[in-house]
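This is what each chain is made of:
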Amino acid sequence: MGRRVGVTAGDEPPPHTDRNADMFALCRLTDVAMCLVAQRNLDSPAGRLIALRDVTHSWSADLGSPSAHARCTLAAPAGPADAASRASSGPVGSKECRAASPPTNGRPSGAPPPQAGLRRRERLCGDLKKQQASSSPGLLFCKMLGFLQHPVMVTAEVNLNMVALTAMGLLSRLWQLAYPRAVVFDEVYYGQYISFYMKRIFFLDGSGPPFGHMLLALGGYLGGFDGNFLWNRIGAEYSSNVPVWSLRLLPALLGALSVPMAYEIVQELGFSHCAATGAALLVLIENALITQSRLMLLESVLIFFNLLAVLSYLKFSNSQKHRPFSPRWWFWLVLTGVACSCAVGIKYVGVFTYLLVLGVAAVHAWHVIGDQTLSNVRVLCHLLARAAALVVLPILVYLLFFYIHLLLLYRSGPHDQIMSSAFQASLEGGLARVTQGQPLEVAFGSQVTLKNVFGQPVPCWLHSHQSTYPMIYENGRGSSHQQQVTCYPFKDVNNWWIVKDPGRHQLVVNNPPRPVRHGDVVQLVHGMTTRLLNTHDVAAPLSPHAQEVSCYVDYNISMPPQNLWRLDIVNRESDTDVWKTILSEVRFVHVNTSAILKLSGVPLPDWGFRQLEVVGEKLFRGYHESTVWNVEEHRYGRSQEQKERELELHSPTQVDISRNLSFMARFSELQWRMLTVRSDDSEHKYSSTPLDWVMLDTNIAYWLHPRTSAQIHLLGNVVIWASASLATLAYALLFVWYLLRRRRRVCDLPEDRWLRWVLAGALCAGGWAVNYLPFFLMEKTLFLYHYLPALTFQILLLPVVLEHVSDHLCRSQLQRNLFTALVVAWFTSACHVSNMLRPLTYGDRPLSPSELKALRWKDSWDILIRRY
């Protein structure tokens, strides 16, 4: 005869806290539930309801007396002979109470070991699954009924500190955001790019990729900006159609979000809540970060994505310790790659933070390779996932930025001349309007203009005119007195040349046309003067090491013409390639002397009308764009007579042909131009050197009210800047000290704290170094705002060092209390300085001359004082 389920309870035993006993009690509750369900006849609705009731009652009874030790035993159902015994025992599920002996070794006396309970539960689950196979719809109904009997509860943890920090960050950055309603410093440049986006006009900015400009333009688009504003002067009042608040919103939002992000980074590094809050508050009250975030500038956007990349990687690294390849793990890994790409897409200096993250990830990947608990396949999956998310994905996202940029800017603009003829022809209007319908293949008799591919110092075209070289140059050297050949930076009818077959006299295109191919020998006839391009062993006027290039004038002297040129197609795919309009990049090699037609780029004196010198370079080795030319405008010559030909040269082309560049070709050229375009290296009143930044020996006057003394300056909090520099120095000294002692087998820090200390230094001190030291090698005009990304990493390091000093260098409680008091006094002084500089941060109230002089704490600071 089988035994029924019995639950006995007696006097409450002494409370116990052993974790094993708690787990055992939980297992017993599960046994009760499964026993009751297994013994009911689940085939009938009544049986299902009774089972559901008994499970609920048993669970509630056991939970209601957590100190009672339940005992549940179950035997296989007995035969009919035991029916009387079962009947006398009462109905199934009845309870009997008796005294329970106190627990022994963490579990009730007489209770079977947890392993036996687990085996019994596995057997019951097998029996229950068999019954479910025949009654799964009924069991599903029971589950649904039980689900509907109780409300669905969702719990969430809200970090109120994060909420408060975010709110304070938003308040500090968004307060009176539309003030001043005037162009402030570099808004004069970024505003132009926003207008170009609104009007879909192509532009080129050598300072960085287009992602940052597109984000600013997004604010203009959301604010309904039409792009109609003349960005020509700092301090100019914005017209009513300019949505100032909307244009400045995105930098302000991202600057505000950097505050809670600083908190999260320090927490993910494993430091205390107090240190994390300190880092966030320092970012919150730093005046320079506030100023830069409230304007239509990109530094706050760059700092946000730098911090996002570091935070995402830290969260990914911490997920790696617990659940690799989980959705959370993939999310933070992918977000790290996207954030790194965004940082590079805003400014090229964002690549420094990207390389820092890659370096830390490479070290962690090296540790993964050495982990003997992982199989080879698992290690390979780890490496492939990191390579895909941190290398391949950022490249694809970076290309996406340019794809959107070129998709939006499809119209010709003021920066077209920097680009190649093929690129210009792909834009709507401009050169595309001129070259539309040109023949693709250059033939003998074609009329062409030849543009130098180098485009430096300015884009120019091969040119000639009636004037000749002077008989004697200023330095006493003689010349050939031949017709001048120059490179002219403007479109002109004298830029036209005719491609002539040396074996024929005609200057028209045959029918069908006979195309010019790589390696063919040609003559170039100047269209307006009909003289042939020539070079000979005469020194060039300003480059005496090279040959003079001219159009030959027959003076009946012993100087025969040397006007044969061999065509060399540089970007050919085969040696039989045809010379193509716009697409082909060609060199002209002089047959007699092997000199190459080259743009020297030196402006000629007044006798050469300040046009650029063209020479024949004999000693040239290798490839350089100054020797490469391409056909920009092209028509088939039809008139043999000179007067009719001159009319042809003045008329537009008519033949229809399409020349669309691929995205990768346009991206490659645009990226190369961005990296090589010459920026304005002239000195600026507020330019500075990297040495001026660390101790805040410089400032920038961003804006001055036209009538009062209200003004905005990029000026940092002196206390924070000096303290951050000292913290960086202290970290470096402590790190070297600990490293030397560990070499001597003296471990001042436990291994886990040492690794945490090293990681904090790699990301914070390393972030400062990679974002600061490269500026010593840059030959460009530098400003104080270039230091802000490095400063942000220094600020993160500051509370880390302070906590380390308090926890590990202060030996007694008295020392810790004194140090805490000093930190509180120091932070109070930082808040006081931030409040004192507030009028120069927001510019919202005028200051008297005495107040302005009082704020000039360093002689190198340029505080503007009006003279009334």
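**Student:** Describe the confidence of the model for the chain, naming the residues involved and giving the relevant values.
**Tutor:** Mean pLDDT over the chain works out to 83, with 78% of the residues at or above the 70 mark. Every residue in residues 55-112 is under pLDDT 50, and counting partners more than four places away or in other chains gives 107 contacts. In this model residues 652-659 is a low-confidence stretch, pLDDT under 50, and it forms 23 contacts with partners more than four residues away in sequence or in other chains.

**Student:** For the environment of Trp826, give the residues involved together with the corresponding values.
**Tutor:** Secondary-structure assignment places Trp826 in helix α23 (residues 813-836). Separated by 107 residues in the primary sequence, Trp826 and Val719 place their C-alpha atoms 8.2 Å from one another. One polar contact links Trp826 to Ser723, side chain to side chain, over a distance of 2.7 Å.

**Student:** Quick rundown of the environment of Asp862? Include the residues and the values.
**Tutor:** Mapped onto the elements, Asp862 comes out in the segment after α25 (849-854). Taking relative accessible area as the criterion, Asp862 reaches 24% and is therefore assigned partly exposed. It is 7.8 Å that separates the C-alpha atoms of Asp862 and Thr698, two residues lying 164 residues apart in sequence. In contact with Asp862, not counting residues within four places along its chain, are Lys685, Tyr686, Asn699 and His713.

**Student:** Go over the layout of surface pockets with me, naming the residues and quoting the values.
**Tutor:** As a volume, the second largest pocket reaches approximately 690 Å³. Lining the second largest pocket are 25 residues, and of these Ser317, Lys321, His364, His367 and Leu755 sit closest to its centre. Looking at the lining of the second largest pocket, the elements that each hand over two or more residues are α11 (299-320), α13 (350-369) and α21 (751-772).

**Student:** Residue-level account of a nonpolar patch on the surface, with values.
**Tutor:** The grouping of Val391, Val392, Ile395 and Leu396 at the surface amounts to a nonpolar patch, some 340 Å² of accessible area in total. Along the chain, Leu396 turns up in helix α14 (residues 376-408). For Leu396, a relative accessible area of 51% puts it in the exposed group.

**Student:** Can you break down the pairing of strand β12 (residues 629-636) residue by residue, with the values?
**Tutor:** The buried fraction of β12 is high, at eight of eight residues. Relative to β12, strand β1 (residues 446-452) runs antiparallel, the two being bridged by six bridges. Within β12, the residue paired with Val448 across the bridge is His634.

**Student:** Tell me what's going on with unusual backbone geometry, and back it up with residues and numbers.
**Tutor:** Between Tyr179 and Pro180 the backbone carries a cis peptide bond, its omega angle lying at 0°. Turning to its location among the elements, Pro180 is positioned in the loop between α5 (160-174) and α6 (187-199). Cis geometry marks the peptide bond from Asn511 to Pro512, where omega comes out at 5°. One can find Pro512 in the loop between β4 (496-500) and β5 (521-526). Positive phi values are uncommon outside glycine, yet Ile582 reaches one of about 65°. Of note, Ile582 is situated in the loop between β8 (565-569) and β9 (586-590).

**Student:** Please give an account of empty space enclosed by the protein that cites residues and values.
**Tutor:** With the rule as written, the count across this model stands at six cavities of 30 Å³ or more. Looking at the largest cavity, its volume works out to about 80 Å³. Taken together, 13 residues make up the lining of the largest cavity; nearest its centre are Gly255, Ser258, Leu289, Ser293 and Ile303. When residues of the lining of the largest cavity are traced back to their parent elements, those giving at least two are α8 (244-268), α10 (287-293), α11 and α22 (788-809). It is α11 that contributes the most residues to the lining of the largest cavity, four residues altogether. Each residue belonging to the lining of the largest cavity can be placed in one class, and the counts come to five nonpolar, six polar and two charged. The computed volume of the second largest cavity comes to approximately 60 Å³. Lining the second largest cavity, in full, are Phe444, Gly445, Val499, Lys500, Asp501, Arg504, Gln506, Val508, Asn510 and Arg514.

**Student:** Tell me about the packing of helix α9 (residues 273-285) against α22, and please be specific about residues and values.
**Tutor:** Two numbers describe how α9 lies on α22: the axes approach to 8 Å, and their chain directions differ by 145°. Judged by the twist between their axes, the crossing of α9 over α22 is right-handed. Contact with α9, carried on its side by Ala275, Gly278, Ala279, Leu282 and Val283, involves Ile795, Leu796, Leu798, Pro799 and Glu803 of α22 and no other residues of that element. Taken together, the residues that form the contact of α9 with α22 break down as eight nonpolar, one polar and one charged.

**Student:** Before we move on, can you summarise the packing of α22 against α23 with the specific residues and values?
**Tutor:** Two elements in contact, α22 and α23, have axes whose closest approach is 9 Å; the angle formed by their N-to-C orientations is 160°. Taken as axis vectors, α22 and α23 run roughly antiparallel relative to one another. Note that α22 runs across α23; the crossing there is right-handed. Across from Leu798, Leu802, Val805, Ser806, Asp807 and Leu809 in α22, the residues of α23 making contact are Gln815, Arg816, Phe819, Val823 and Trp826. Taken together, the residues of the contact of α22 with α23 break down into seven nonpolar, two polar and two charged.

**Student:** Let's hear about the environment of Val586: which residues, and what values?
**Tutor:** Here Val586 is to be found in strand β9. Not counting the four nearest positions on each side in its chain, Val586 is found in contact with Leu567, Asp568, Ile569, Val570, Trp579, Thr627, Val628 and Trp629.

**Student:** Can you lay out the nonpolar core for me, pointing to particular residues and giving the numbers?
**Tutor:** If you look at the biggest cluster of nonpolar residues, it comprises 154 residues, and the most contacted ones within it are Leu269, Phe305, Ile700, Tyr702, Tyr787, Leu788 and Leu796. The dominant element in this core, judged by the number of residues it contributes, is α11, at 13 residues.

**Student:** Go over the pattern of salt bridges, please, and point to the residues and values.
**Tutor:** Applying the stated criterion across every chain yields a total of 19 salt bridges. Across the salt bridge formed by Arg572 and Asp568, the nearest N and O atoms sit 3.2 Å from each other. Classification of Arg572 as partly exposed rests on a relative accessible area of 32%. Note that Asp568 is salt-bridged to Arg587, the shortest N-O span being 2.9 Å. You can see Asp568 sitting in strand β8 and its partner Arg587 sitting in strand β9, a full 19 residues away along the chain. The pair formed by Asp568 and Arg587 is uniform in burial state, with each residue classed as buried. One network of salt bridges, in which partners are shared, links Lys451, Lys491, Glu632 and Glu633.

Procedures and definitions
Residues numbered from 1 in each chain as written. Predicted model: local features only at pLDDT ≥ 70, side-chain atom pairs only at ≥ 80, totals over all residues. Heavy atoms only, no water. pLDDT = per-residue confidence, 0-100. Contact = heavy atoms within 4.5 Å. Helix = DSSP H or I, 4+ residues; strand = E, 2+ residues; numbered from the N terminus. Polar contact = N/O pair within 3.5 Å; in protein donor to acceptor, adjacent residues only side chain to side chain. Buried < 20%, exposed > 50% of the residue type's maximum accessible area, 1.4 Å probe, protein only. 1 Å grid on protein atoms, 1.4 Å probe; cavity = no way out; pocket = protein on both sides within 12 Å on 5 of 7 lines; lining within 4 Å. Points joined across faces, edges and corners; volume = space filled by probe spheres on them. Patch = residues over 30% accessible without salt bridge, like charges linked within 9 Å, V, L, I, M, F, W, Y side chains within 5 Å. Areas by Shrake-Rupley, 256 points an atom, 1.4 Å probe, with all protein chains shown as cover. Salt bridge = Lys/Arg side-chain N within 4 Å of Asp/Glu carboxyl O. Pairing = 2+ DSSP bridges. Nonpolar A, V, L, I, M, F, W, Y, C, P; charged D, E, K, R; others polar. Axes fitted to C-alpha atoms, helices over the stretch in contact; angles between N-to-C directions. Left-handed = near helix turned anticlockwise from the far one by under 90°. Parallel < 35°, antiparallel > 145°, perpendicular 65-115°, else oblique. Core = buried A, V, L, I, M, F, W, Y, C linked by side-chain atoms within 4.5 Å.

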